[in-house]
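Overview (structure and organization)
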Amino acid sequence: MLEKTYAPADVEKRWVEAWSKARLFGSAPVKGGRAYTIVIPPPNVTGALHIGHALNNTLQDVLIRWHRLHGREACWVPGTDHGGIATQNVMEKQLKAEKLSRRDLGRDAFLERMQAWTRDCKKTILGQLTRLGCALDFGREAFTMDEARAKSVHHAFAEFYKEGLIYRGARMVNWCVRCGTALSDIEVESEERKTKLWHLRYPAADGGEGLVVATTRPETMLGDTAVAVNPKDARYAALVGKKLKLPLTERLIPVVADEHVDSAFGTGAVKVTPAHDVNDFEIRQRHPEIETLQVIGFDGKLTPEAGKYAGLSRELARDAVLKDLGDALVKTEDHKNAVGTCYRCQSTIEPLVAWQWFVKMAPLAEKARAALDDGRFKIHPASWAKPYRAWLENIKDWCVSRQIWWGHRIPVWYCQACNAGKLGSTSELYNTPELKVAAVSAARPESCPACGGKDLIQDPDVLDTWFSSALWPLSVFGWPEKTPDLDFYYPTDILVTGYEILYLWVARMQFMGLHFMDKVPFSAALMHGIVRDKAGKKMSKSLGNVVDPLLMMDKHGTDALRFALVSQAHPGKDIPFAEDSITGPRNFANKLWNSTRFVLDYALKNEPAPEGGYPLAGLDKAKLEVADRWILARFQEVSETARKDVESLDLAAAANCLYGFLWDDFCDWYIELSKAALADPERGEATKTILVQVLTGTLKLLHPFMPFITEELYQALKPYAGETAEFAFSAGAPVLTGWEDSSAVKNMRFLRLAVDSIRRLRSILEVHPGAKLQAKYSGSGGWAEFLRDESETVMLLGRFESLEKVDSRPPASAAAVAGTTAFYFAMEGLVDFEKARGRLAKELERLAKDQTKCDAILGNKSFVERAPEEEVAKVRVQRDETVARGAALKDTLEALGAGRSNKGV
RNA sequence: GGGCCGUUAGCUCAGCGGUAGAGCGUCCGCCUUACACGCGGUAGGUCGGGGGUUCGAAUCCCUCACGGCCCACCA
């Protein structure tokens with residue numbers, strides 16, 4: 001016997017254990033089987049999971065369970081990501097609390113601490129995923145920095161190197177001063193800031209007035225080595241080729257003409273600082289006569305080249321320079337400017353020239369573009385395809401070296417002898433040009449292949465964390481080994497992730513997969529939105545609007561949380577979420593619970609299940625009643641709709657469709673109707689069968705969305721359903737064919753219309769809900785006959801004591817109308833007549849409006865002539881019904897006028 | 001500066017060519033023998049503005065406004 005209210009905690013705990021014990025989610029290649037594979041977007045080992053992870057993983061779990069239910073060899077690979085800079089930052093914060101830095105510890109000790117942290121964090125994360133109900137194949141757990149994944153990374157690096165797709169070069173890179181490393185272009189976020197545009201006068205070397213440049217970064221003027229103007233700009237034509245005197249310094253700098261300069265912006269003259277600005281760097285490449293002077297160092301402080309400003313931070317140097325410029329600062333205006341910031345620590349990016357490792361992207365991107373264009377890869381929603389293609393077509397090389405410690409060490413070795421002492425004892429090579437590579441290998445080579453030297457050092461940098469993530473769909477199946485897993489599961493079926501990492505991750509997986517396997521790593525990507533708060537703001541600790549998924553699970557149940565998230569997760573749309581989003585789904589869980597209680601306790605009276613249960617096959621369709629045929633037809637239709645929704649990746653639509661069916665169709669109507677049918681010895685068995693089968697089937701379809709409660713209820717129902725699967729997970733989808741039945745659907749629609757109408761009238765007349773009325777009905781055509789057969793049903797739902805047919809309206813009766821059929825009941829002693837008259841009058845008004853509208857439409861000749869016949873017929877029927885209802889209401893009003901109120905008498 | 005998405009009931013969102021829908025909230029009844037995490041009923045919308053196509057438009061086209069996002073080297 002089930003409790004009255006569903007209590008999730010105990011149920012969830014039990015099934016987590018049972019599933020785990022049964023190794024239910026394990027998967028292995030099956031000959032002739034059809035895989036359905038997903039690799040998890042591995043969460044960074046930076047801490048506990050947040051609600052975004054809950055969404056991401058719930059969606060994947062729905063897909064995995066759904067496809068398992070529908071017969072696929074589902075495999076969901078779990079794992080975590082070492083998380084590079086992000087994770088190192090977490091550790092550095094911890095160290096800071098102990099008043100330590102990573103350099104205090106040294107590289108080895110630091111990495112040891114990182115490993116320990118990682119172990120704990122992985123445990124937390126996998127525990128949380130388990131708690132969320134994720135059907136992950138835990139035997140396949142992977143980590144982006146474990147031994148197997150390291151092999152993939154080293155192999156990919158070596159292959160790229162061999163093919164000339166990876167190279168070391170000096171470029172202007174995005175340098176994060178706080179993190180102390182270079183970043184790739186897409187790891188820089190741009191942030192609009194209110195700042196100033198400063199106008200500075202640079203006098204001519206010959207004593208002339210020179211010109212005025214406009215800048216947003218006055219401190220970099222110390223590194224200016226030229227001024228550029230547009231070649232077509234007549235204002236400055238005479239100055240081109242001349243020298244200017246750079247204020248605050250003794251240096252003379254040339255004026256050059258360059259197409260890049262926009263004459264309309266600022267003063268039309270641009271100061272050129274090749275060491276600290278991407279554009280200026282490029283201008284210098286077009287004008288080799290320009291020198292380069294680095295005045296800001298990798299530590300974010302001014303270099304000795306900056307003279308007396310050396311050692312100041314960028315910010316302080318700006319203040320000092322502006323102060324010292326004096327009259328040379330001719331104007332200051334407000335200006336909005338986009339500033340690059342580090343996506344991991346939000347500090348302002350400094351563009352600096354450094355020696356880094358780069359991956360050549362154009363050839364890789366070209367393959368990805370082709371896969372997109374010929375449909376081998378599809379993005380959902382499709383609106384992301386365009387920006388994705390644009391990105392592929394304008395791609396720049398990928399800076400993959402990071403000057404941090406936590407990551408895959410770059411597998412490159414340099415020979416001291418061959419590099420003529422350039423290496424020294426330094427652990428930083430980003431300032432060291434033109435190094436000769438001795439070997440590309442994970443392990444230390446015996447000796448230098450070129451000179452036989454034994455003094456080899458490994459590149460101190462590590463790879464961008466996204467490099468190993470990019471290989472994830474390959475590496476988790478053992479690539480580069482040709483494993484049976486790789487053969488069976490690759491390419492995977494779908495990748496589910498947030499749109500914010502489309503370029504950082506999704507695109508690069510496409511690159512790697514297409515390059516190394518010549519096959520897309522996944523044929524579809526489902527890009528979901530971000531979970532926001534109810535005001536549409538991103539959740540963040542500083543705003544204090546974060547919702548802890550674990551707390552939600554504890555308070556309302558995991559299934560409720562999952563359903564709340566999925567039922568709002570339309571592809572590509574953000575999800576507004578607050579704790580009250582869960583109450584609806586929580587109530588729904590309870591509804592499932594109680595409908596099962598009804599079937600087991602009330603319908604089946606907890607009798608033991610007969611051998612083989614109550615199979616659908618045992619039904620004789622010819623002997624079924626309208627309601628029976630209707631609910632079966634609806635169920636078949638709903639399973640089909642849900643299947644299509646999942647196929648088109650609109651999981652929210654599938655969830656909502658099942659929700660509506662269970663609550664509205666099954667509970668509100670079928671269960672209510674079954675109460676009479678169960679009492680009828682001729683219909684009892686069939687009704688039990690339908691109750692059991694439709695409920696069990698719905699629970700199975702809901703299982704991917706709400707695995708715990710459906711498992712619990714499935715276990716209770718399965719003997720009655722005649723099922724033998726050990727778990728709902730592997731029970732197979734309900735099989736429904738041949739139950740479509742348009743006449744049952746039509747009849748049921750009429751029945752519902754009739755009951756709705758009766759209920760409305762009862763409510764208008766304030767008939768006590770418990771009062772049983774003596775009712776009569778009249779009507780012509782087929783419905784009258786239908787009602788005779790269904791009088792039991794109408795009596796039950798309309799709460800009538802009796803229902804008999806009459807030819808015309810009994811005097812002093814109220815009438816409820818469905819189509820052209822009317823139900824009457826006496827009003828004697830029932831109502832507050834005044835109030836009822838008011839409401840009836842209002843409804844009459846509405847009907848009159850409807851009728852006018854119908855008449856207008858039908859009076860429109862071109863509509864009648866040109867619209868399809870069935871549309872015209874629809875309006876005609878509607879008009880007739882409106883007229884009939886109006887007449888009945890008028891009668892009722894009249895009767896009310898004749899009657900006497902018993903209120904206040 | 002380009003591009004994309006959105007603007008529908010008080011709130012959050014479905015609907016995407018045939019008389020405006022759901023959930024939550026409101027209000028009014030009901031502890032009706034599965035469920036008060038419930039049942040029945042009710043109010044509430046010129047579907048962002050303006051044009052156009054069509055017999056008919058929330059739904060297609062154009063345009064404007066307002067949000068949001070992505071991309072971009074205007075110093």
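In what follows, the accompanying structure is described.

This paragraph deals with the protein's contact with RNA strand B. For RNA strand B, the set of nearby residues contains 54 residues, the closest of which are N279, N337, Y602, R866 and Q878. Restricting the count to atoms of RNA strand B within 4 Å of the protein gives a sugar and phosphate share of 60%. Within the side chain of R760, a nitrogen or oxygen atom sits 3.2 Å from a phosphate oxygen of RNA strand B. Put simply, the parts of the chain that give the surface near RNA strand B at least two residues each are β13 (329-342), α17 (583-603), α19 (651-679), α22 (742-764), α25 (833-859), α26 (861-866) and α27 (869-898). A per-class count over the surface near RNA strand B returns 15 nonpolar, 18 polar and 21 charged.

As a further point, take the packing of helix α20 (residues 684-702) against helix α21 (residues 707-721). Two elements in contact, α20 and α21, have axes separated by 10 Å at closest approach and are oriented at 145°. α21 is crossed by α20, and the crossing has left-handed handedness. Of the residues in α21, those touching α20 at V692, Q693, L695, T696, L699, K700 and L702 are T710, L713, Y714, L717, Y720 and A721. Along the lines of polarity and charge, the residues of the contact of α20 with α21 split into nine nonpolar, three polar and one charged.

With that out of the way, let us pick up the pattern of salt bridges. Taken as a whole and judged by the stated rule, the model has 49 salt bridges. For R683, the salt bridge goes to D628, with nearest N and O atoms at 3.9 Å. Remark: D628 occurs in helix α18 (residues 626-647) and R683 occurs in the loop between α19 and α20; sequence separation between them is 55 residues. Like D628, R683 is buried. Ionic contacts of the salt-bridge type, sharing partners, join the residues R217, E219, R314, R318 and E350 into one network.

Among the five residues in strand β1 (residues 35-39), five count as buried, and that is most of the element. Covered by surrounding structure in β1 are A35, T37 and V39 together with Y36 and I38, the residues of both alternating faces. Assessed by its sense of winding, the connection that carries the chain from β1 through helix α2 (residues 51-69) to strand β2 (residues 73-77) is right-handed.

Counted under the stated rule, the structure contains 37 aromatic pairs. Ring geometry for W19 versus F708: centroids 5.1 Å apart, planes at 20°, classification stacked. Pair noted here: W19 is in helix α1 (residues 8-21) and F708 is in helix α21, with a separation of 689 residues, a long-range link. Its relative accessible area of 3% is what places W19 among the buried residues. The interplanar angle of 20° and the centroid separation of 4.9 Å between the aromatic rings of F598 and Y602 together place this pair among those described as stacked. With F598 and Y602 both in helix α17 and four residues apart, the pair spans about one turn of that helix. Look at F598 and you get buried, because its relative accessible area is 11%. Classification of Y602 as partly exposed rests on a relative accessible area of 44%. Ring pairs connect the aromatic residues F160, W398, F467, W479 and F516, which therefore count as one cluster.

Another aspect to go through is the pairing of strand β18 (residues 412-415). Burial along β18 is two-sided: the face carrying V412 and Y414 and the face carrying W413 and C415 are both buried. With three bridges connecting them, β18 and strand β19 (residues 437-440) associate as antiparallel partners. Counterpart to V412 in the pairing with β19 is V440. Note that β18 and strand β20 (residues 456-458) share three bridges and pair antiparallel. Pairing of W413 across the sheet is with Q458, part of β20.

Under the definition given, this model contains zero disulfides. Distance from the sulfur of C121, which forms no disulfide, to the nearest cysteine sulfur (C134) is 16 Å. For the unlinked cysteine C345, the closest cysteine sulfur is that of C176, found at 3.5 Å. Under the relative-accessibility criterion, C345 is labelled partly exposed at 21%.

On the basis of which strands lie adjacent, the open sheet formed by three strands has the order β19-β18-β20 and antiparallel pairing. Here the strands that pair on one side only, and so sit at the sheet edges, are β19 and β20. Mean inter-strand twist for the sheet, computed between neighbouring axes without regard to direction, equals 30°.

Let's shift gears to the environment of I494. Relative to the helices and strands, I494 is located in strand β22 (residues 492-498). We classify I494 as buried; its relative accessible area is 3%. For the pair I494 and S523, spaced 29 residues apart in sequence, the C-alpha separation works out to 6.1 Å. Setting aside anything within four residues of it in sequence, one finds I494 in contact with Y36, T37, I38, L63, F522, A524, L526 and L649.

Cut-off values and rules
- Residues numbered from 1 in each chain as written.
- Chains lettered and ligands numbered in written order.
- Predicted model: local features only at pLDDT ≥ 70, side-chain atom pairs only at ≥ 80, totals over all residues.
- Heavy atoms only, no water.
- Near = heavy atom within 4 Å.
- Polar contact = N/O pair within 3.5 Å; in protein donor to acceptor, adjacent residues only side chain to side chain.
- Helix = DSSP H or I, 4+ residues; strand = E, 2+ residues; numbered from the N terminus.
- Nonpolar A, V, L, I, M, F, W, Y, C, P; charged D, E, K, R; others polar.
- Axes fitted to C-alpha atoms, helices over the stretch in contact; angles between N-to-C directions.
- Left-handed = near helix turned anticlockwise from the far one by under 90°.
- Contact = heavy atoms within 4.5 Å.
- Salt bridge = Lys/Arg side-chain N within 4 Å of Asp/Glu carboxyl O.
- Buried < 20%, exposed > 50% of the residue type's maximum accessible area, 1.4 Å probe, protein only.
- Right-handed = clockwise from strand over helix to strand, strands pointing away.
- Phe/Tyr/Trp six-rings, centres within 6.5 Å; stacked < 30°, edge-to-face > 60°.
- Pairing = 2+ DSSP bridges.
- Disulfide = S-S within 2.5 Å.

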